[in-house]
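The lines below spell out each chain.
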Amino acid sequence: MIGSRIAAVGHYQPAKVLTNEELAGLVETSDEWIRSRVGIRTRHIAGPDEPVDELAAHAAAKALAAAGLTPADIDLVLVATSTAIDRSPNTAARVAARLGMPRPAAMDVNVVCAGFTHALATADHTVRAGAAGRALVIGADKMSAVADWTDRSTCVLVGDGAGAAVVEPCAPGAEPGIGPVLWGSVPEMGHAVRIEGTPPRFAQEGQSVYRWATTQLPALARGACEKAGITPADLAAVVLHQANLRIIEPLAEKLGATRAVIARDVTESGNTSAASIPLALSKLVERGEVRSGDPVLLFGFGGNLSYAGQVVRCP
């Protein structure tokens, strides 16, 4: 089977920026308290008239433009999200309608914070098998819509946004641009991160998540590198789920990616769940911090205590 690659990426964030100082007017907290515990300075917040599919469509349009493609060139749309209000039409179908795609397969993937890397692996497998020519993979979440704005332990974390990637076949004989996925979950700990209830609200057991992420995930991330046939020292960049700077930095250090750029977009975007990895990757590309062909580890983790990671070649 021919491998697949990421042809281009794009991202989108709402215009409204919520600072720590502004948050301190809504709930008992402070800029110092937030920065010292999670490293976040600002986050983008979507308005009531900005649904998840709109965020996703903006990011997708940018990725298509960067790839030099039109919506008609895409025959599979995968949207990773856990914050869409409606069940049908799903978010992927609404994105396809917004972009004017003729007849794509359209599916949502709900693996919360690990959603994008799960969806990217699914697109890779689909393209490799010849079931799709080109795929549009999007991570989009409106976490502000499920936040409890009276709970300072969680509302200070969340932000809204979307990131997208165009996946297409590699040229015959070329090395795959998307490495094998390493994925799994810890079902018995699914209660540690939740979006549930009516109305749905985001809640988590912060210490449990922190211990799991900092002790268990470094070995799993190294395993994703091994599947790709490289060592962490070979990586040009590491893009982890942007959950919390206190998780990202220790995890990156234990991984041993000594020469890699470490994505720290959480500081300005907050935790955007499934959007966080493609959003951070797109910004690294946009700023020129990674070059075309560079090996980059993407590793998502969180809700369901699920995880998925793969090494990709930068578009």
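Located above this text is the structure these notes cover.
All figures in this text were calculated on a predicted structure; none of them were measured in a lab.

J.: For this particular structure, what's the right way to read helix H7 (residues 206-228)?
T.: Helical geometry note: an α-helix holds 3.6 residues per turn, so side chains three or four residues apart project in the same direction. Along its 23 residues, H7 runs 31 Å from first to last C-alpha, staying within 8% of the 33 Å computed at 1.5 Å per residue. Along H7, the largest kink reaches about 45° and is centred on Leu217; proline Pro218 follows within four residues of it. Buried residues of H7: Ser208, Val209, Trp212, Ala213, Thr214, Leu217, Pro218, Leu220, Ala221, Gly223, Ala224 and Cys225, and no others. One or two positions beyond H7, positive phi appears at Gly229, with a value near 80°.

J.: Would you mind showing me how to read the environment of Leu99 here?
T.: For Leu99, the location among the structural elements is in helix H4 (residues 91-99). Separated by 205 residues in the primary sequence, Leu99 and Asn304 place their C-alpha atoms 31 Å from one another. Those residues in contact with Leu99 that sit more than four places away from it in its chain are Ala57, Ala60, Ala61, Leu64, Pro71 and Leu136.

J.: I tried to follow the layout of surface pockets on my own but got confused; where do I start?
T.: In this model, the largest pocket occupies a volume close to 820 Å³. Along the wall of the largest pocket there are 32 residues; nearest its centre are Ser82, Thr83, Ala84, Ile85 and Asp86. Mapped by element, the contributors of at least two residues to the lining of the largest pocket are helix H3 (52-67), H4 and strand E9 (193-196). No other element matches E9, which puts 4 residues into the lining of the largest pocket. Empty space within the second largest pocket amounts to approximately 480 Å³. What lines the second largest pocket is a set of 23 residues, among which Val38, Leu157, Gln204, Gly206 and Asn244 lie closest to the centre.

J.: What should I look at first to understand the packing of H3 against H4 in this one?
T.: Describing two packed helices takes the angle between their axes plus the distance from one axis to the other. The contact between H3 and H4 brings their axes to 9 Å, and the two run at 55°. Classified by the angle their axes make, H3 and H4 are oblique. When you trace H3 past H4, the crossing you get is right-handed. Packed against H3, whose contacting residues are Val52, Asp53, Glu54, Ala56, Ala57, Ala60, Ala61 and Leu64, the element H4 presents Thr91, Arg94, Val95, Arg98 and Leu99 at the interface.

J.: Would you explain the sheet that holds strand E11 (residues 237-240) in this entry?
T.: Whether parallel or antiparallel, the strands of a sheet pair through hydrogen bonds between backbone atoms. The 5 strands are arranged E8-E14-E13-E11-E12 in an open sheet whose pairing can be described as mixed. Edge positions in the open sheet fall to strand E8 (182-185) and strand E12 (261-262), since each of these has one partner strand only. Of the pairings in the sheet, the one linking E11 to strand E13 (residues 295-301) comprises 4 bridges and is parallel in character. Of the residues in E13, the one forming a bridge with Leu240 is Phe299. Sitting on the sheet, helix H10 (residues 276-286) is in contact with E11, E12 and E13, with an inclination near 150° to E11.

J.: Help me out: how do you make sense of the nonpolar core in this one?
T.: In terms of nonpolar packing, the biggest core is built from 49 residues, with Leu217, Leu235, Val238, Leu297 and Phe301 touching the most fellow members. Looking at this core element by element, the count peaks at 8 residues for H7. Apart from residues lying up to four places away in sequence, Val238 is in contact with Leu255, Ala257, Ala260, Val261, Ile262, Ala263 and Leu297. In terms of nonpolar packing, the next biggest core, distinct from the first, is built from 32 residues, Val127, Ala135, Ala237 and Ala274 among them.

J.: What should I look at first to understand the side chain of Ser82 in this one?
T.: Mapped onto the elements, Ser82 comes out in the loop between strand E4 (76-80) and H4. For Ser82, the contacting residues outside a window of four places in its chain are Asn110, Val112, Asp141, Ile195 and Ser273.

J.: Is there a simple way to think about the pattern of salt bridges in this case?
T.: Two side chains carrying opposite charge are able to pair once their charged atoms lie near each other. Tallying each qualifying case throughout the model produces 13 salt bridges. One salt bridge connects Asp294 with Arg291, and the closest N-O pair in it is separated by 3.8 Å. By relative accessible area, Asp294 is classed as buried at 11%. Each of Arg5, Arg134 and Glu168 takes part in salt bridges that share partners, so that together they form one network.

J.: I would appreciate a short explanation of the side chain of Asn90 in the present structure.
T.: For Asn90, the position within the fold is in the loop between E4 and H4. A distance of 3.3 Å separates a polar side-chain atom of Asn90 from the backbone oxygen of Ala106. Residues in contact with Asn90, not counting those within four places in the same chain, are Ala106, Met107 and Asp108.

J.: Explain the packing of aromatic side chains here, please?
T.: Geometrically, a pair of aromatic rings is defined through the distance of the ring centres and the angle of the planes. Summed over all chains, the structure comprises 1 aromatic pair. Consider the rings of Phe299 and Tyr307, whose centres lie 6.4 Å apart with planes at 5°: the pair is stacked. One exposure class covers both Phe299 and Tyr307, and it is buried. Arg246 extends its terminal NZ or CZ atom over the ring of Tyr210, reaching a point 5.3 Å from the ring centre.

J.: For this particular structure, what's the right way to read the state of the cysteines?
T.: Cysteine pairs can be covalently joined through their sulfur atoms, and such a bond is termed a disulfide. Scanning the model with the defined rule gives 0 disulfides in all. For Cys170, which is in no disulfide, the shortest distance to another cysteine sulfur is to Cys314 and amounts to 14 Å. On the accessibility criterion, Cys170 (6% relative accessible area) is buried.

Rules used in this analysis
- Residues numbered from 1 in each chain as written.
- Predicted model: local features only at pLDDT ≥ 70, side-chain atom pairs only at ≥ 80, totals over all residues.
- Heavy atoms only, no water.
- Helix = DSSP H or I, 4+ residues; strand = E, 2+ residues; numbered from the N terminus.
- Expected span 1.5 Å × (residues − 1).
- Bend = angle between axes of the 7 residues up to and from the residue.
- Buried < 20%, exposed > 50% of the residue type's maximum accessible area, 1.4 Å probe, protein only.
- Contact = heavy atoms within 4.5 Å.
- 1 Å grid on protein atoms, 1.4 Å probe; cavity = no way out; pocket = protein on both sides within 12 Å on 5 of 7 lines; lining within 4 Å.
- Points joined across faces, edges and corners; volume = space filled by probe spheres on them.
- Axes fitted to C-alpha atoms, helices over the stretch in contact; angles between N-to-C directions.
- Parallel < 35°, antiparallel > 145°, perpendicular 65-115°, else oblique.
- Left-handed = near helix turned anticlockwise from the far one by under 90°.
- Pairing = 2+ DSSP bridges.
- Core = buried A, V, L, I, M, F, W, Y, C linked by side-chain atoms within 4.5 Å.
- Salt bridge = Lys/Arg side-chain N within 4 Å of Asp/Glu carboxyl O.
- Polar contact = N/O pair within 3.5 Å; in protein donor to acceptor, adjacent residues only side chain to side chain.
- Phe/Tyr/Trp six-rings, centres within 6.5 Å; stacked < 30°, edge-to-face > 60°.
- Lys NZ or Arg CZ within 6 Å of the ring centre and 35° of its normal.
- Disulfide = S-S within 2.5 Å.

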